[in-house]
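One letter stands for each residue in the lines below.
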Amino acid sequence: MPGISVILPVYNGLPYLKESVESVLAQTYNDFELLVLDDCSADGSWEYLESISDPRLKLSRNDVNKGLFYNLNFMSKKAEAPLVKLWSQDDYMVPEALGKIVAFHKEHPGLGMSYTAVKIIDENSTVVKEAKEDITPTIVDQETHARIAFRWGSIAGNIANVTIAKEAYNNVGYFDEGMKICGDFDMWVRIGEFYNIGFMNEPIVYLRSHSGQLSRQEVYYIKHVVEDIIVYKKLFAYIPPQLRSEGLRDMRESKLVFYYTLMMNALKKSGVKLAYQFWKEISKFDNPFILTWYFVKVKVLHIK
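The rules behind each value
- Residues numbered from 1 in each chain as written.
- Predicted model: local features only at pLDDT ≥ 70, side-chain atom pairs only at ≥ 80, totals over all residues.
- Heavy atoms only, no water.
- Helix = DSSP H or I, 4+ residues; strand = E, 2+ residues; numbered from the N terminus.
- Phe/Tyr/Trp six-rings, centres within 6.5 Å; stacked < 30°, edge-to-face > 60°.
- Axes fitted to C-alpha atoms, helices over the stretch in contact; angles between N-to-C directions.
- Parallel < 35°, antiparallel > 145°, perpendicular 65-115°, else oblique.
- Contact = heavy atoms within 4.5 Å.
- Nonpolar A, V, L, I, M, F, W, Y, C, P; charged D, E, K, R; others polar.

A. Representation of the environment of glycine 183 in the model. Of note, glycine 183 is situated in helix 7 (residues 183-194). Sequence separation between glycine 183 and glutamate 227 is 44 residues; the distance between their C-alpha atoms is 8.2 Å.

Written out as structure tokens, the structure is:
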């Protein structure tokens, strides 16, 4: 049994895939397996993967495109190690990354998942944003996780800086394959109900920012809001009533104002029909007239 399994979903991953894979194979910690599932790439990614000769690499390929969260589940179920490191075709990890992750989980047994600080790189692998100053504690309990989610949403912000304990999958299930955007946020919230989450405040992962990323495509914004609200309802269902009240107040000044801002942008760019979709979805979670006041207070009057 390896100490850690790295799982990498691939779909048309060139030109960054080679750097991503090589950063894994060059790890100073050698007791790992790298599972890669190609989701019907048509850009030469599969041919590149087949050219690699390394016994730690285990390749699979879908017959039809099945999407990110199916791919993560498929590989997570095949992973043999007690820790499953999620990975991305765009990014790269420093040579000591896996060893530090394994050591962190040994030092803090019983975590459902962990995530690391990150640096942001551009298309040329140049660092464009250093790791932000972060006062998040090393061990994030249920209440702390909830408070972070109220303000910022997904605690990790990405999948590539996350490692999940195989035990957590057994207890909370796998990624929701019905989701297209927020399946990761949904998983963190389900894990956070039963487990503490670990934070490694060291940028051992470099995330790439480029124009082709799904999160930058405006067509997905309404889907993001729809799925986010589903996840928040799950979170609110298990936290104490007092924390729910405080959380709603926090969200009215942060996440819900962000959704309202997307609605206003949709109104300007796409017209009433799309803006009304945002209005309907926001109304499922909170009173939109109250949010109108918070939008004016925060975005227009700049009152916090």
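B. Examining the packing of aromatic side chains more closely. This structure, assessed with the given rule, holds 13 aromatic pairs. Here tyrosine 169 and tyrosine 174 contribute two aromatic rings whose centre-to-centre distance is 4.7 Å and whose plane-to-plane angle is 15 degrees, an arrangement assigned as stacked. On the numbers, 5.4 Å between centres and 80 degrees between planes, the contact of tryptophan 279 with phenylalanine 289 is edge-to-face. Remark: phenylalanine 289 occurs in helix 12 (residues 288-300) and tryptophan 279 occurs in helix 11 (residues 272-283); sequence separation between them is 10 residues. Put simply, the rings of Phe150, Phe185, Tyr232, Phe236 and Phe285 touch in pairs and so form one group of aromatic residues.

C. Structural detail: the packing of helix 8 (residues 221-238) against helix 11. The contact between helix 8 and helix 11 brings their axes to 10 Å, and the two run at 5 degrees. Judged on the interaxial angle alone, helix 11 and helix 8 are roughly parallel. Touching Tyr221, Ile222, Val225, Val226 and Ile229 of helix 8 are Leu274, Gln277, Phe278, Glu281 and Ile282, all from helix 11. Of the residues assigned to the contact of helix 8 with helix 11, the class counts are 8 nonpolar, 1 polar and 1 charged.

D. Local environment of the environment of isoleucine 222. Mapped onto the fold, isoleucine 222 is located in helix 8. Sequence separation between isoleucine 222 and alanine 266 is 44 residues; the distance between their C-alpha atoms is 9.3 Å. In contact with isoleucine 222, not counting residues within four places along its chain, are Leu274, Gln277, Phe278 and Glu281.

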